[in-house]
Amino acid sequence: MIHTRVHVVNNPEEMGRLAADLFEAAIQAKPACVIGLATGSTPLPLYRELIAREKAGRIDFSKVRSANLDEYKGLAPDHPQSYRRFMQENLFDHISIRPENTIVPDGLAADIDAMCKAYEEKIESWGGVDLQLLGIGHDGHIGFNEPEDHFPGMTHEVQLTEMTRDANKRFFASIDEVPTAAFTMGIGTVMAARKIVMVVTGEDKREILRKTFWGPVTPQVPASILQFHPDVTLICDKAAYPF
Ligand code: PGA
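A brief report on the enclosed structure follows. (Residues numbered from 1 in each chain as written. Predicted model: local features only at pLDDT ≥ 70, side-chain atom pairs only at ≥ 80, totals over all residues. Heavy atoms only, no water.)

Our focus in this paragraph is the overall build of the protein chain. Tallying secondary structure elements over the protein chain gives seven helices and 10 strands in all. The C-alpha radius of gyration of the protein chain comes to 17 Å, within 12% of the 18 Å expected for a compact globule of 243 residues. Judged by the C-alpha coordinates and their principal axes, the protein chain covers about 45 × 45 × 35 Å. By residue count, 54% of the 243 residues in the protein chain fall in the buried class. Partitioning the intrachain contacts of the protein chain with sequence separation of at least 6 by distance along the chain shows that 79% fall at a separation of at least 24. Of note, the protein chain has its 25 positive side-chain charges centred 6 Å away from the centre of its 34 negative side-chain charges. (Helix = DSSP H or I, 4+ residues; strand = E, 2+ residues; numbered from the N terminus. Rg over C-alpha atoms; globule rule 2.2 N^0.38 Å. Buried < 20%, exposed > 50% of the residue type's maximum accessible area, 1.4 Å probe, protein only. Contact = heavy atoms within 4.5 Å. Lys, Arg positive; Asp, Glu negative; His and termini not counted. Charge placed at Lys NZ, Arg CZ, Asp CG, Glu CD.)

Following this line, the structure appears as C-alpha cells:
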C-alpha cells in the first residue's frame, strides 16, 4: 500500500456521498472530463447521489464523456441483464449526459478484435480516463479481469470464472442463463486512468480487499496491481475493512 488513500465509512449512503464528491470535483475541474463507470450493486448509492446532485444543480453532465468497464458477450444492449441497460436504468436515463458520449463494449460485436481496438481508440481520442470507478469481485477481478498468469493489457474477451458466474446468477433466472464470456477493459486500460476510486462493501469482500491492498501484487489477484497506481482512493465500509 504505497499511494492508496483509504476511507472507512459507516453505511452505503456515506460511501455514495464520498465517491460522488470525487466525481463532482472532477467535473467541476473539467466539464468535459472522461469518467470510467462500473456496474454491480456497490456503485448504486453513488449513482443515486450523482442523479440527486445534478437535479440539485451541483453537477452538470451535459459535456461529460463516460466509458464502462465491461459487458457480457452475447447480450444485446436492451437485454434486461446487459450492462448497457443497467447503466441506462441506474444512471444515464436520469442525467443530462448525451447518448453519444456514453460507451459500453458491444456485447454483440461480430468482429471482436475490431470492437476492442475501437473501444481503446475511442477512449484515447477523448484524451484518456480522468476518473475511473471500480468495484471488486470476490476473486479480485476488476472489470471482468479474472485471475490469470499475467495482467492483460487492453480491452479483450474473457471467459468468466464459475465464481463470477455464480455471484452474478442472482440477476438471471438460472445459472444457465449467465453468459460464459464477456468483454472488458484490460488491466492496462484501467491503470492508464489518472485517478481511480474503488468502492467495496460487505464482510464477504474483506479477505479479497486485504489481499488486494495489503498482500503481494500478483495477477492471481488482478486488483492488487492498484498498489502501483499513483492515485487510488479506496472507500469501504467497516465490514469490508480488514483491520
Ligand atoms: P458487486 O460487483 O458490486 O455487485 O459486488 C462487484 C464486481 O464484481 O466487480
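Quick look at the site of the ligand now. Taken together, Gly40, Ser41, Thr42, Gly135, Ile136, Gly137, His141, Arg170 and Lys205 make up all the residues around the ligand. Between the ligand and Thr42 there is a distance of 2.4 Å, counted from an oxygen atom to a side-chain nitrogen or oxygen. One of the side-chain N or O atoms of His141 is found 2.8 Å from an oxygen atom in the ligand. In isolation the ligand has 280 Å² of accessible area, and contact with the protein removes 80% of it. Judged by the fraction of its atoms near the pocket grid, the ligand is located in the largest pocket. When its residues are assigned to classes, the shell around the ligand shows one nonpolar, six polar and two charged. (Near = heavy atom within 4 Å. Polar contact = N/O pair within 3.5 Å; in protein donor to acceptor, adjacent residues only side chain to side chain. Areas by Shrake-Rupley, 256 points an atom, 1.4 Å probe, with all protein chains shown as cover. 1 Å grid on protein atoms, 1.4 Å probe; cavity = no way out; pocket = protein on both sides within 12 Å on 5 of 7 lines; lining within 4 Å. Sits in = over half its atoms within 2 Å of the grid points. Nonpolar A, V, L, I, M, F, W, Y, C, P; charged D, E, K, R; others polar.)

Burial of the side chains of strand 3 (residues 65-68) extends over both faces: Arg65 and Ala67 are buried on one face and Ser66 and Asn68 on the other. As defined by bridge partners, strand 2 (residues 34-37) adjoins strand 3 across four bridges and the pair is classed as parallel. Of the residues in strand 3, the one forming a bridge with Val34 is Arg65. At this point the chain moves from strand 2, through helix 2 (residues 44-55), to the parallel strand 3, and the crossover so formed is right-handed. (Pairing = 2+ DSSP bridges. Right-handed = clockwise from strand over helix to strand, strands pointing away.)

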